[in-house]
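What follows is the residue order along each chain.
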Amino acid sequence: MKLKTYVLIGLLLLSLTAEAQRRKRVVKPVVEEPQEDPRITQMLASTQQITFIDSMVVDRADFMSHIPLSVHVGKLTQTNGLGTFTNEMGDHRLTTMKTSDSTAVIVASDFIANRWTEIQPVGGIGDDSAINPFLMPDGITLYFAQKGSNGIGGYDIYVTRYDSEKATFLRPENLGMPFASEADDLFYAVDEFNQLGYFVTDRRQPRGKVCIYVFIPQETRRVYRSEAYSDGQLRSLAAIGRIRDTWGDGNARNEALGRLQTARSAGFDTPLTSHLSPLTSEIDQLRHEADVLDKTLALMRNQYANATDGERVTLRIKILNAEQQLEAMQQDIRNKEKQIPYNE
């Protein structure tokens, strides 16, 4: 009987020892820290060194009315919160339009023969939702906001350039930080006439509000040297944490504030060609219309190369008519140029 008791006690001890050993072998799961999106890390390392001179919080629905863009550069308007840009000559327009699936596209139209042409989607900028275009006076460089897989969250700012040979825009590039964030970065424009830039974002803003940042445009891209800043400082600069951190000695900012005050005082309705004679203004208008028509011809020729036989019949007529119109326009320009006084 005693032997049986000892056996039972031994088995119980062995069981308890085995359970203790099993518990010791249980490894607690390692909780991994969330990893940062590698695109954010890469952008952070190449954050542009930008001087932000001023900022203002306004309603998102009509922020463009608060941007004193020179009429020498173009005109901004908003309808139902969607931005439209019209060039300085008033004959080329880029408009944001909502589509049936609640995304947005940018469409273009030209003012030819006293009427706006039928709108056409802007080619080359991708299929992702795109809004708020701004075209530089060179007629080539286009900035816009886009939401898609190539961004880091919400809308990001992109830049592209027009390829006249292919009659389309090149693949857009993300501007990167500080103009990119996980919030909605909605608009970017450079006013070359006043040497001022405008950037609009809803980062750190309540619903329905955005912040308009005014900055000094750079002729060449400069980035912060990461070794000169702590990680926290660099992230603050990339996020536009405090604009005063970008002022340096303040001299460039003070000069730019003077230009901003002048721009705001000038208003938005100064005639672009007030310093030119009516004849010179008319020639400038004709030249711009001829340039627009030439670009339209390039687009139609490109379409013709990939069209079906039936489509080519219609395109051939349109191309011939446009060629004749362009030739007549160029002749008209030459005739009017001969009438310009030498002292103008």
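Here, every reference points to the structure presented above.
Residues numbered from 1 in each chain as written. Predicted model: local features only at pLDDT ≥ 70, side-chain atom pairs only at ≥ 80, totals over all residues. Heavy atoms only, no water.

Attention now goes to the overall build of the protein chain. Across its full length, the protein chain holds six helices and 15 strands. Residues classed as buried in the protein chain amount to 39% of the 344 residues present. Considering only contacts within the protein chain whose residues lie at least 6 apart along the sequence, 55% involve residues at least 24 apart. For the protein chain, the accessible area works out to roughly 20,600 Å², and carbon and sulfur atoms hold 52% of it. (Helix = DSSP H or I, 4+ residues; strand = E, 2+ residues; numbered from the N terminus. Buried < 20%, exposed > 50% of the residue type's maximum accessible area, 1.4 Å probe, protein only. Contact = heavy atoms within 4.5 Å. Areas by Shrake-Rupley, 256 points an atom, 1.4 Å probe, with all protein chains shown as cover.)

Pairing is antiparallel across the open sheet formed by four strands, whose spatial order is E1-E15-E14-E13. Every other strand in the sheet has two partners, leaving strand E1 (52-59) and strand E13 (185-191) as the edge strands with one partner each. Neighbour-to-neighbour, the strand axes of the sheet open up by a mean angle of 15 degrees, direction not taken into account. Strand direction decides the pairing type here: E1 and strand E15 (residues 209-215), joined by seven bridges, are antiparallel. (Pairing = 2+ DSSP bridges. Axes fitted to C-alpha atoms, helices over the stretch in contact; angles between N-to-C directions.)

Here we come to the side chain of Asn194. Mapped onto the secondary structure, Asn194 falls in the loop between E13 and strand E14 (196-201). In this view, Asn194 contacts Pro68, Ser70, Arg259 and Ala263; residues no more than four positions away in its chain are not counted.

Before going further, it helps to spend a moment on the environment of Gly126. Residue position: Gly126 is located in the loop between strand E7 (120-121) and strand E8 (129-135). Take Gly126: its relative accessible area is 51%, and that puts it in the exposed class. Between the C-alpha atom of Gly126 and that of Gln146, which follows or precedes it by 20 residues, the distance is 9.3 Å.

This part covers the nonpolar core. Of all hydrophobic cores here, the largest spans 57 residues; its most connected members are Phe63, Ile67, Phe134 and Phe187. At six residues, E15 tops the list of elements feeding residues into this core. Formed by 13 residues, the second largest nonpolar core is a distinct cluster that contains Leu286, Ala290, Met300 and Ala322. (Core = buried A, V, L, I, M, F, W, Y, C linked by side-chain atoms within 4.5 Å.)

Within the sequence span of helix H3 (residues 231-238), burial applies to Leu234, Leu237 and Ala238. Projected down its long axis, H3 carries its buried residues within an arc of 100 degrees, all on one side. As for H3, its buried residues are in contact with helix H2 (38-45). (Arc of directions from axis to C-beta.)

Omega for the bond connecting Met177 with Pro178 falls within 30 degrees of zero, at 10 degrees, which places this linkage in the cis form. Its place among the elements puts Pro178 in the loop between strand E12 (173-174) and E13. Positive phi, normally seen in glycine, also occurs at Asn114, with a value near 65 degrees. Inspection of the secondary structure assignment puts Asn114 in the loop between strand E5 (104-112) and strand E6 (115-116). At Ala167, a residue that is not glycine, the phi angle is positive and equals roughly 55 degrees. Here Ala167 is to be found in the loop between strand E10 (156-163) and strand E11 (168-169).

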